[in-house]
Amino acid sequence: MTKIELMSGNNATVKAAIIAGCKFFGGYPITPSSEIAEGMAKDLPYVNGKFIQMEDEIGGIGAALGAALTGVKSMTATSGPGFSLKQEHIGYAVMGEIPIVIVNVMRGGPSTGMPTYPSQSDIMQTRWGTHGDHEIIALTPCSVQETFKLTIEAFNLSEQYRVPVILLSDEIIAHMREKVEIKDITEYKIINRLKPTVDPENYSPFDTKYGMVPPLASYGEGYRFHITGLTHDHTGFPTSKPDLVEKLQERLRDKIIKNRKNFDWYEKRMIDDADIVVFAYGATSRSAMRAIKDARREKIMAGLYRPITMWPFAYENIKSIAKSAKTILVVEMNLGQAVGEVERAVAGTKCKVKFLGKANGELINPSEILSKIRELVNV
Amino acid sequence: MYNENIFNYLRTNKLPHIWCPGCAHGIITAAILRGIDKLKLDKNKISVVSGIGCSGRTAGYLDMNTLHTTHGRSLTFATGIKFAKPELTVIDVMGDGDAVAIGGNHLIHACRRNIDITAIIFNNNIYGMTGGQYSPTTPINAYASTAPFGNVEPPFDIVKLAIGAGATFVARGDAFHIALMDKIIEQAISHKGFSVVEIMATCPTQFGRRNKMKEPYQMLDYVANMAVSIKKWNEMNEDERKGKFPVGIFIDENRSEYCENYEENVLKKIERGEK
């Protein structure tokens, strides 16, 4: 039966994580994500799950990764400075192909920055925060309802592709209270990792015989496998042979890039006849939505593209918008991050890319966006 | 000490190991396996987690559920494994850099929580794999590649650190006194709670060569001569203790174990309708 509840974005993450089947949370308190840890501490025991507050951020994700290898769905949550600390183990999850969900509620930076103020300044940290070549999946919700939905999807993607998935929220969405529709648990599509069907003697944790995403056994079930952060062959043991390393690097990339079409999520509003398209995500997209509606009232042909799948970036989608729109205006609460990717996407077309950004702790309000739209149209 | 059974616990196809001739890591690894064999543990139910450096390679040679993690963070992964699946025996193998430098915080908190993990610290007083830099356990005045004039930092006493942080089993052995090492490791694994075992190891390649002990036997002699029993240590005066360290079991006590505590005071509270 469908229920309607009033809750914050962080509360929605907790409720949805439990529905997705999360059984383990390892974390460390940090504003503005702490309510997720608090909620998991309270709710996990009711589903026989485990919560642990570790001694630091690195430990929080470390414990979550260890738990994930015993076969449970596992998560951690943090914000800007804590997300910086977690990067070491995000890389480990990429290399070891360990499913895990990491929530980053963005706040102002650099460093401790502005703990209780909104920001969208971790877009590039999310993409490139951990060292080495890698792809990453990151989802950006713009409402509490969408936070709920994307938390479940984050678990599904992490299990399906054996990858860390980042739910990239922001202080506004995380702390805002909205109405959320929660369906009966049986109505949600829940994906679980592929487990091996072969005998333990024939199991390799990185065997690509079954496709780009190898089945993952659980510790303690007789499979006795090895995982390392070093480059490895299909058996999981270290190798530095160039051909094997290349194969591994390419597969880690391809299993995400080549499957992106399966999670190409976005929202388009009034795009088809738009001269100017606003590119905005998360909390900022709400201001942008109002701004394009106001612009339309003034007979300005404005539209909105809101990426929900932030990473891997929607280069193709933006490129197709650039074929008809004269201008894409990127609006984000930072000094220019996603805008660089939009520029890459439209390169070679006649479409211009303009930017409106702010990193002073204030959200970007609709009138600021509308003024910018008017200014660009009148040029 | 030779025990044919230890081959049952080795991934023999991964041998020979990468450790240098004269390295004590193989000696300690064999002692761990003898302990496991004596306790008749099912290798399907053992997880061995390791950090980074020479000791970090231990996990890969063992035919168990193994995880070669990041530098100093192995205890965080081990904590997740044990807490999520308490029926597993979890052994965490660390070097001195892992345990008391980059991972020092994780070590003291694992001690405090008293989670049922056996931490075995291969202490060779040096960063071996990276080329002989001084570690937090390098003796004062010893030479290292980053202490070309002699080390000016005082070393950690891992035993005192672990006792102070609340570990319920704390012992020290050395790579020369095999019988004692075997006894300590076996007891540590069977102990319910967090066990810290420090084994004084040898690194002739990186420590020995810089400190006039380039031959493996010289380094083993060095640790053998420094080790004295706790009983003898307690009878020695300050002067006699110089250049020596006590070996044996310092603490072996029962205190509520973390996973059991969570089970009893969180999960069962719900079952009993107290929450």
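Residues numbered from 1 in each chain as written. Chains lettered and ligands numbered in written order. Predicted model: local features only at pLDDT ≥ 70, side-chain atom pairs only at ≥ 80, totals over all residues.

### Considering the overall build of chain B
Part 1 of the argument: If you tally the helices and strands in chain B, you get 12 helices and 10 strands.
Part 2 of the argument: For 275 residues, the compact-globule estimate of 2.2 N^0.38 gives 19 Å, and the C-alpha radius of gyration of chain B, at 19 Å, lies within 12% of that figure.
Part 3 of the argument: Expressed as lengths along the three principal axes of its C-alpha atoms, the size of chain B is roughly 65 × 45 × 35 Å.
Part 4 of the argument: By the burial criterion, 51% of the 275 residues in chain B qualify as buried.
Part 5 of the argument: Expressed as a percentage of contacts within chain B between residues at least 6 apart in sequence, the contacts between residues at least 24 apart total 67%. (Helix = DSSP H or I, 4+ residues; strand = E, 2+ residues; numbered from the N terminus. Rg over C-alpha atoms; globule rule 2.2 N^0.38 Å. Buried ≥ 20, exposed ≤ 12 C-beta atoms within 10 Å, placed from the backbone. Contact = placed C-beta atoms within 7 Å.)

### Observations regarding the environment of B:Val197
All names here are of chain B.
Part 1 of the argument: Along the polypeptide, Val197 turns up in strand 8 (residues 195–200).
Part 2 of the argument: In this structure Val197 comes out as buried when scored by C-beta crowding, with 31 C-beta atoms within 10 Å.
Part 3 of the argument: The residues contacting Val197, other than those within four sequence positions of it, are Thr118, Ala119, Ile120, Ile121, Ala171, Gly173, Ile184, Ile185 and Ala188.

### Focus on the interface of chain B and chain A
Many analyses report the size of an interface as the accessible area lost when the parts associate.
Part 1 of the argument: In this complex, chain B contributes 34 residues to the contact, which on the side of chain A involves 33 residues.
Part 2 of the argument: Among the elements that take part in the side of chain B that touches chain A, helix 3 (residues 74–84) of chain B stands out by supplying 8 residues, more than any other.
Part 3 of the argument: Taken together, the residues that form the side of chain B that touches chain A break down as 13 nonpolar, 14 polar and 7 charged.
Part 4 of the argument: Summarising the sheet, strand 10 (residues 226–228) of chain A and strand 2 (residues 65–68) of chain B pair through 3 bridges and their orientation is parallel. In the strand pairing of strand 2 of chain B, A:Thr228 is matched with B:His68. (Nonpolar A, V, L, I, M, F, W, Y, C, P; charged D, E, K, R; others polar. Pairing = 2+ DSSP bridges.)

### Description of the sheet that holds strand 2 of chain B
Part 1 of the argument: Pairing within the open sheet is mixed, and its 9 strands lie in the order 10(A)-2(B)-1(B)-3(B)-4(B)-8(B)-7(B)-10(B)-9(B). Each end of this open sheet is capped by a strand with a single partner; those strands are strand 10 of chain A together with strand 9 (227–229) of chain B. Going from strand to strand, the sheet's axes swing by 20° on average, the running direction of each strand aside.
Part 2 of the argument: Note that strand 3 (residues 89–95) of chain B and strand 4 (residues 117–123) of chain B share 6 bridges and pair parallel. From the neighbouring strand, B:Ile91 faces strand 4 of chain B, where its bridge partner is B:Thr118.
Part 3 of the argument: Seen against the sheet, helix 1 (residues 25–38) of chain B touches strand 1 (46–50), strand 3, strand 4 and strand 8 of chain B and runs at an angle of roughly 160° to strand 4 of chain B.
Part 4 of the argument: Sheet strands in contact with helix 7 (residues 178–190) of chain B are strand 3, strand 4, strand 7 (169–174), strand 8 and strand 10 (245–252) of chain B, and its direction is about 155° off that of strand 7 of chain B. (Axes fitted to C-alpha atoms, helices over the stretch in contact; angles between N-to-C directions.)

### Let's talk about the packing of helix 3 (residues 57–68) of chain A against helix 3 of chain B
Part 1 of the argument: Contact geometry of helix 3 of chain A with helix 3 of chain B gives a least axis separation of 6 Å together with a crossing angle of 45°. By the angle between their axes, helix 3 of chain A is oblique relative to helix 3 of chain B. In this structure, the crossing between helix 3 of chain A and helix 3 of chain B has a hand that is right-handed. Touching A:Ile58, A:Gly59, A:Gly62, A:Ala63, A:Ala64, A:Leu65, A:Gly66 and A:Ala67 of helix 3 of chain A are B:Thr76, B:Phe77, B:Ala78, B:Thr79, B:Gly80, B:Ile81, B:Phe83 and B:Ala84, all from helix 3 of chain B.
Part 2 of the argument: In terms of residue class, the contact of helix 3 of chain A with helix 3 of chain B is built from 10 nonpolar, 6 polar and no charged. (Parallel < 35°, antiparallel > 145°, perpendicular 65-115°, else oblique. Left-handed = near helix turned anticlockwise from the far one by under 90°.)

### Looking at the sheet that holds strand 11 (residues 266–269) of chain A
All names here are of chain A.
Part 1 of the argument: Strands sit in the order 11-13-12-15-16 across an open sheet of 5 strands; the sheet is mixed. Only two strands of the sheet have a single neighbouring strand rather than two, namely strand 11 and strand 16 (352–357). Each adjacent strand pair in this sheet contributes to an overall mean axis angle of 20°, direction not counted.
Part 2 of the argument: In the sheet, strand 15 (residues 327–332) pairs with strand 16 via 6 bridges, with the strands oriented parallel. Bridging from a neighbouring strand, Val330 pairs with Phe355 of strand 16.
Part 3 of the argument: In the packing of helix 11 (residues 338–346) onto the sheet, the strands contacted are strand 12 (276–279), strand 15 and strand 16, and the crossing angle to strand 15 comes to about 160°.

### Focus: unusual backbone geometry
Part 1 of the argument: Between A:Thr31 and A:Pro32 the backbone carries a cis peptide bond, its omega angle lying at 0°.
Part 2 of the argument: Take A:Pro32: it is sitting in the loop between strand 2 (22–27) and helix 2 (34–43).
Part 3 of the argument: The omega torsion across A:Gly109 and A:Pro110 is 0°, close enough to zero to call that bond cis.
Part 4 of the argument: Mapped onto the elements of the fold, A:Pro110 is located in the loop between strand 5 (100–108) and strand 6 (114–118).
Part 5 of the argument: In this structure, A:Glu97 is a non-glycine residue whose phi angle is positive, near 55°.
Part 6 of the argument: By secondary structure assignment, the location of A:Glu97 is in the loop between helix 4 (80–96) and strand 5.
Part 7 of the argument: A residue is classified by how many C-beta atoms lie within 10 Å of it, and A:Glu97, with 22 of them, is buried.
Part 8 of the argument: Even without being a glycine, B:Asn141 presents a positive backbone phi close to 75°.
Part 9 of the argument: Inspection of the secondary structure puts B:Asn141 in the loop between strand 6 (133–134) and helix 6 (158–165).

### What to know about helix 6 of chain B
Residues and elements named next belong to chain B.
Part 1 of the argument: Of all the residues in helix 6, the buried ones are Ile158, Val159, Leu161 and Ala162. Each buried residue of helix 6 lies within a common arc of 165° when the element is viewed along its axis, so the set occupies one face.
Part 2 of the argument: On its buried face, helix 6 is in contact with helix 4 (96–102), helix 5 (104–113), strand 4, strand 7, strand 8 and strand 10.
Part 3 of the argument: Phi turns positive, to about 105°, at Gly166, one or two residues after helix 6. (Arc of directions from axis to C-beta.)

### Remarks on the domain arrangement of chain A
Residue and element names in this part refer to chain A.
Part 1 of the argument: Taken domain by domain, chain A consists of domain 1 (3–187), domain 2 (200–260) and domain 3 (266–378).
Part 2 of the argument: At the junction of the two partners, domain 1 supplies 23 residues and domain 3 supplies 21 residues.
Part 3 of the argument: If you tally residues by element for the side of domain 1 that touches domain 3, the top one is helix 5 (residues 123–128), at 4 residues.
Part 4 of the argument: Residues of the side of domain 1 that touches domain 3, tallied by class, amount to 14 nonpolar, 6 polar and 3 charged. (Domains from an automatic or database assignment.)

### Remarks on helix 12 (residues 258–271) of chain B
Residues and elements named next belong to chain B.
Part 1 of the argument: Here helix 12 contains 14 residues, and its C-alpha end-to-end distance of 19 Å stays within 8% of the 20 Å for a straight helix at 1.5 Å per residue.
Part 2 of the argument: Largest kink in helix 12: about 25°, centred on Glu264.
Part 3 of the argument: Trailing helix 12 by a residue or two, Gly273 shows a phi angle of about 70°, which is positive. (Expected span 1.5 Å × (residues − 1). Bend = angle between axes of the 7 residues up to and from the residue.)

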